[in-house]
Amino acid sequence: QVQLVESGGGLVQAGDSLRLSCAASERTFSMGWFRQAPGKEREFVAAIRSGGSTLYADSVKGRFTISRDNGKNTVYLQMNSLVPEDTAVYYCAAGGLFATTAQRFDYWGQGTQVTVSS
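Each value, and the rule that gives it
Residues numbered from 1 in each chain as written. Predicted model: local features only at pLDDT ≥ 70, side-chain atom pairs only at ≥ 80, totals over all residues. Heavy atoms only, no water. Helix = DSSP H or I, 4+ residues; strand = E, 2+ residues; numbered from the N terminus. Buried < 20%, exposed > 50% of the residue type's maximum accessible area, 1.4 Å probe, protein only. Contact = heavy atoms within 4.5 Å. Areas by Shrake-Rupley, 256 points an atom, 1.4 Å probe, with all protein chains shown as cover. Lys, Arg positive; Asp, Glu negative; His and termini not counted. Charge placed at Lys NZ, Arg CZ, Asp CG, Glu CD. Phe/Tyr/Trp six-rings, centres within 6.5 Å; stacked < 30°, edge-to-face > 60°. Lys NZ or Arg CZ within 6 Å of the ring centre and 35° of its normal. Pairing = 2+ DSSP bridges.

1. Some thoughts on the overall build of the protein
So, step 1. Scanning the protein from terminus to terminus reveals zero helices and eleven strands.
So, step 2. Listed N to C, the secondary structure of the protein is β-β-β-β-β-β-β-β-β-β-β in terms of helices and strands.
So, step 3. Dimensions of the protein, computed from C-alpha atoms along their principal axes, come out at roughly 40 × 25 × 25 Å.
So, step 4. Taken over 118 residues, the protein has a buried fraction of 42%.
So, step 5. Across the protein, contacts joining residues at least 24 apart in sequence account for 57% of those joining residues at least 6 apart.
So, step 6. Carbon and sulfur atoms provide 44% of the accessible area of the protein, an area that totals close to 6000 Å².
So, step 7. Here the protein carries 11 positive and 10 negative side-chain charges, and the mean point of each set is 6 Å from the other.

2. Topic: the packing of aromatic side chains
So, step 1. Applying the stated rule across the entire model yields four aromatic pairs.
So, step 2. Seen in terms of ring centroids, F34 and F44 are 5.6 Å apart; in terms of plane orientation they differ by 75 degrees. Their pairing is edge-to-face. Taken together, the residues F34 in strand β4 (residues 30–36) and F44 in strand β5 (residues 43–49) connect sequence positions ten residues apart. Judged on exposure class, the residue F34 and its partner F44 are both buried.
So, step 3. Through a chain of ring-to-ring contacts, the aromatic side chains of F34, F44, F105 and W108 assemble into a single cluster.
So, step 4. Directly above the aromatic system of Y91 lies the positively charged group of R42, at a separation of 3.8 Å from the ring centroid.
So, step 5. Over the ring of W108 we find R42, and its NZ or CZ is 4.9 Å from the ring centre.

3. Description of the pairing of strand β3 (residues 18–24)
Across a regular strand the side chains alternate sides, sitting on one face of the sheet and then on the other.
So, step 1. Summarising burial for β3: five of the seven residues are buried, a large majority.
So, step 2. Inspection of the sheet shows strand β1 (residues 4–7) paired to β3 by four bridges, in the antiparallel sense. Counted as the bridge partner of L4 is A24 from β3.
So, step 3. Sheet topology places β3 next to strand β8 (residues 74–79); six bridges connect them, and they run antiparallel. Directly across from L20, in β8, lies its bridge partner L77.

The structure is reproduced here in structure tokens:
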């Protein structure tokens, strides 16, 4: 069982930046971020596989950057130019498939709140 621990959430103003981190108890092929806003379904944000290939949701392209440190089994999400619509609980995910759907990921973190005020 892979354990994931997120950190880095918080309250920021529109236009600010924030970096999320997720430390895994062991290495996995794919790691990603999803988010869930109140009253909405969980949605894909970004994913990265061990070789470095990345996937992004259209809503965050050009603003968010996913990266990983394989030596530390850690994935990061650098979020720039934040807008109120980015407000959500952000979940780290990991698994053996490089995908954009939640069902393709096997392990999940507890989530970290990101709130962007206008």
